[in-house]
Amino acid sequence: MSVLVCVIGQHWRERSWARVADMVEYTNSQGYPCALIEIQDRCFQPYDALGTMRNEAILKARQGWEYLCMVDSDVLPQPETLVRLMNHADQQGHAIIVPWVDEPGTQKP
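Here the residue index of a chain counts from 1 through its sequence in written order. Local features in this predicted model are restricted to residues whose pLDDT is 70 or higher, and side-chain atom pairs enter the listing and the counts only when it is 80 or higher, whereas totals over whole chains, interfaces and linings include all residues. With hydrogens and water stripped out, all remaining heavy atoms of the structure feed into the side-chain values.

**Student:** Explain the overall build of the protein chain to me, and be specific about the residues and the numbers.
**Tutor:** Elements are defined by DSSP. Helices are runs of H or I of four residues or more, strands are runs of E of two residues or more, and each kind is numbered from the N terminus. In terms of regular secondary structure, the protein chain is built from three helices and three strands. The helix and strand sequence of the protein chain, counted from the amino end, reads β-α-β-α-β-α. Across the 109 residues in the protein chain, those meeting the buried criterion constitute 29%. Contact definition: two residues touch when any of their heavy atoms are within 4.5 Å. Across the protein chain, every contact between residues at least 6 apart in sequence was considered, and the portion connecting residues at least 24 apart equals 72%. Of the accessible surface of the protein chain, which amounts to about 7,300 Å², a share of 51% is contributed by carbon and sulfur atoms. Only protein chains enter the accessibility calculation, which uses a 1.4 Å probe; a residue whose area is less than 20% of its type maximum is buried, one above 50% is exposed, and one in between is partly exposed. The accessible surface values rely on the Shrake-Rupley method and a 1.4 Å probe; as for residues, cover is taken only from the protein chains in view.

So, in structure tokens, the structure goes:
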């Protein structure tokens, strides 16, 4: 039940880095091995390299992590957010699945 949290981009919203770091720390304290990395922003124009950055996150996660949590650099999660997802997956025996999000400009999932 290990999880790698990959932040896509480096243009942090105020307080977002601390909130994501708090979530990772809380997840570790609850017995789930968890680490945080930032994926370098590779976009020359808005949204032109999101696929590349997501692929990089997947490659990093395949280096020994069971779960991958990709977040944008503007999120403000509660500390227990990831633990709640992990507990749900653990108790129900289900994979963690999130809804498709339409990318701005392309309207593609």
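Once you've had a look at it, read on.
**Student:** Outline the sheet that holds strand 3 (residues 67-72), supporting the account with residue identities and numerical values.
**Tutor:** In this scheme, strands are said to pair when DSSP sees at least two bridges between them. The parallel open sheet is built from three strands, whose spatial order is 2-1-3. Edge positions in the sheet fall to strand 2 (34-39) and strand 3, since each has one partner strand and no second. With strand direction ignored, the average angle separating the axes of adjacent strands in the sheet is 25 degrees. Where strand 1 (residues 3-8) and strand 3 come together, six bridges link them in parallel fashion. The residue bridging V7 from the neighbouring strand is V71, located in strand 3. As a rule, the C-alpha atoms of each element are fitted with a line to give its axis, helices using only the stretch in contact, and angles between N-to-C directions run from 0 to 180 degrees. Helix-sheet contacts for helix 1 (residues 16-29) involve strand 1, strand 2 and strand 3, and the interaxial angle to strand 2 is about 155 degrees. Strands in contact with helix 2 (residues 50-61) are strand 1, strand 2 and strand 3; relative to strand 1, the strand with the most contacts, it is inclined by about 160 degrees.

**Student:** Break down helix 2 for me, with residues and values.
**Tutor:** Here helix 2 spans 17 Å end to end across twelve residues, near enough to the 16 Å set by a 1.5 Å rise per residue. Looking only at helix 2, the buried set comprises L50, M53, E56, A57 and A61. Seen end-on, helix 2 carries its buried residues on one side only, within an arc spanning 135 degrees. Where the residues of helix 2 are buried, they touch strand 1, strand 2 and strand 3. Under the convention used throughout, the expected extent of a helix is 1.5 Å for every residue step, that is, one less than its residue count. By definition, the arc is the one covered by directions from the helix axis to the C-beta atoms.

**Student:** Let's hear about the pairing of strand 1: which residues, and what values?
**Tutor:** Of all the six residues making up strand 1, six are buried; the element is thus mostly covered by neighbouring parts of the structure. Neither face of strand 1 is open: one carries V3, V5 and V7, the other L4, C6 and I8, and all of them are buried. Across six bridges, strand 1 lies against strand 2 in parallel orientation. Bridged to V3 within strand 2 is C34. Crossover strand 1 to strand 2 through helix 1 is right-handed. Looking down the strands as they point away from the viewer, one classifies a crossover as right-handed if the path from the first strand across the helix to the second runs clockwise.

**Student:** Residues and numbers for the nonpolar core, please.
**Tutor:** Of all hydrophobic cores here, the largest spans 13 residues; its most connected members are V3, V5, C34, C69, V71 and L82. Elements with a contribution of two residues or more to this core: strand 1, helix 1, strand 3 and helix 3 (81-92). Dropping the residues within four chain positions of it, L82 is found in contact with V3, V5, M23, T27, C34 and C69. In plain words, nonpolar cores are sets of buried Ala, Val, Leu, Ile, Met, Phe, Trp, Tyr and Cys residues tied together by side-chain atoms within 4.5 Å.

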